[in-house]
Amino acid sequence: MTMEDGTSKSVGYCGDTGGDYDVLQWDTREDCEVRQILDRVADKWSLLVIALLDRRTLRFTELRNMIDGISQRMLTRTLRHLERDGLVSRTVHPTVPPRVDYELTPMGATLHETIRALVTWTEEHQNQIAAARAAYDVRVAAEHQAAEREAAERKAIARNVLADRR
């Protein structure tokens, strides 16, 4: 079995993330793969696959048809990664053509609960986020215009200084 880039050969325990929770320690503790695991389970394709498999089994083609924009290759990779991480189980039925079903493992189901909480939080705060984005865009546009005016003023001053020296 080959190891993926960024995957430690030994399984370690990262310690308790409660108490003195320090996000900067995620990658510094020996054998800690928190960032790598978060990168895997939090990517958009994994989140969609986990959400779609909530309390049901789906075939590969059903998943591909339900996920807009995913390629066959990316869905295959996503499912393999989730299976390798113990979040999805794969069952091959000995039929012609072979039928392959995917479902969440018990651990994958607990992750879905967390994802559902994140989606609920997003729904509850989407209007505030939209307002913050709009305010940010207005502020950045005003800062950009002010910077352009200041640059034009500096350029004009420099031109006048050079003209006075001639």
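## Things to note about the overall build of the protein chain
Stage number 1. A count of helices and strands for the protein chain gives 5 helices and 3 strands.
Stage number 2. Its helices and strands taken in sequence order, the protein chain reads α-α-β-α-α-β-β-α from the N to the C terminus.
Stage number 3. Of all 166 residues assigned to the protein chain, the portion counted as buried reaches 22%.
Stage number 4. Accessible area of the protein chain: about 12500 Å², with a carbon and sulfur share of 54%.

## Notes on the confidence of the model for the protein chain
Stage number 1. Taken over all residues, the pLDDT of the protein chain has a mean of 85, while the share at 70 or more is 81%.
Stage number 2. For the stretch residues 7–13, pLDDT sits under 50, and the model shows 11 contacts to residues farther than four places along the chain or on other chains.

## Description of unusual backbone geometry
Stage number 1. Following Val 96, the chain continues into Pro 97 via a peptide bond in cis, with omega recorded as -10°.
Stage number 2. Note that Pro 97 resides in the loop between β2 (88–93) and β3 (99–104).
Stage number 3. A positive phi angle, close to 55°, is found at Arg 55, a residue other than glycine.
Stage number 4. Within the secondary structure layout, Arg 55 lies in the loop between α2 (44–52) and β1 (58–59).

## A few points about the sheet that holds β1
Stage number 1. Overall, antiparallel pairing links the 3 strands, which are arranged β1-β3-β2 in an open sheet. The outermost strands of the open sheet, each flanked by one partner alone, are β1 and β2.
Stage number 2. Inspection of the sheet shows β2 paired to β3 by 6 bridges, in the antiparallel sense. Across the sheet, His 93 pairs through a bridge with Arg 99, a residue of β3.

## Things to note about helix α4 (residues 72–84)
Stage number 1. If you check α4, its first and last C-alpha atoms are 18 Å apart, about what 13 residues at 1.5 Å a residue would give, namely 18 Å.
Stage number 2. Buried residues of α4: Leu 75, Thr 78, Leu 79, His 81 and Leu 82, and no others. When α4 is viewed along its axis, its buried side chains cluster within an angular range of 160° and face the same direction. For α4, the exposed residues set more than 90 degrees away from the buried face come down to Arg 73 and Arg 80.
Stage number 3. Check the buried side of α4 and you find it contacts α1 (34–41), α2, α3 (60–66), β2 and β3.
Stage number 4. Phi turns positive one or two residues past the end of α4, at Gly 86, with a value near 80°.

## Looking at the packing of α2 against helix α5 (residues 106–165)
Stage number 1. At a minimum axis distance of 9 Å, the contact between α2 and α5 shows a crossing angle of 110°. Considering the angle they form, α2 stands roughly perpendicular to α5. Along the contact surface, α2 presents Leu 47, Ile 50 and Ala 51, while α5 presents Gly 108, Leu 111, His 112 and Ile 115.
Stage number 2. Tallied by class, the residues present in the contact of α2 with α5 amount to 5 nonpolar, 2 polar and no charged.

Cut-off values and rules
Residues numbered from 1 in each chain as written. Predicted model: local features only at pLDDT ≥ 70, side-chain atom pairs only at ≥ 80, totals over all residues. Heavy atoms only, no water. Helix = DSSP H or I, 4+ residues; strand = E, 2+ residues; numbered from the N terminus. Buried < 20%, exposed > 50% of the residue type's maximum accessible area, 1.4 Å probe, protein only. Areas by Shrake-Rupley, 256 points an atom, 1.4 Å probe, with all protein chains shown as cover. pLDDT = per-residue confidence, 0-100. Contact = heavy atoms within 4.5 Å. Pairing = 2+ DSSP bridges. Expected span 1.5 Å × (residues − 1). Arc of directions from axis to C-beta. Axes fitted to C-alpha atoms, helices over the stretch in contact; angles between N-to-C directions. Parallel < 35°, antiparallel > 145°, perpendicular 65-115°, else oblique. Nonpolar A, V, L, I, M, F, W, Y, C, P; charged D, E, K, R; others polar.

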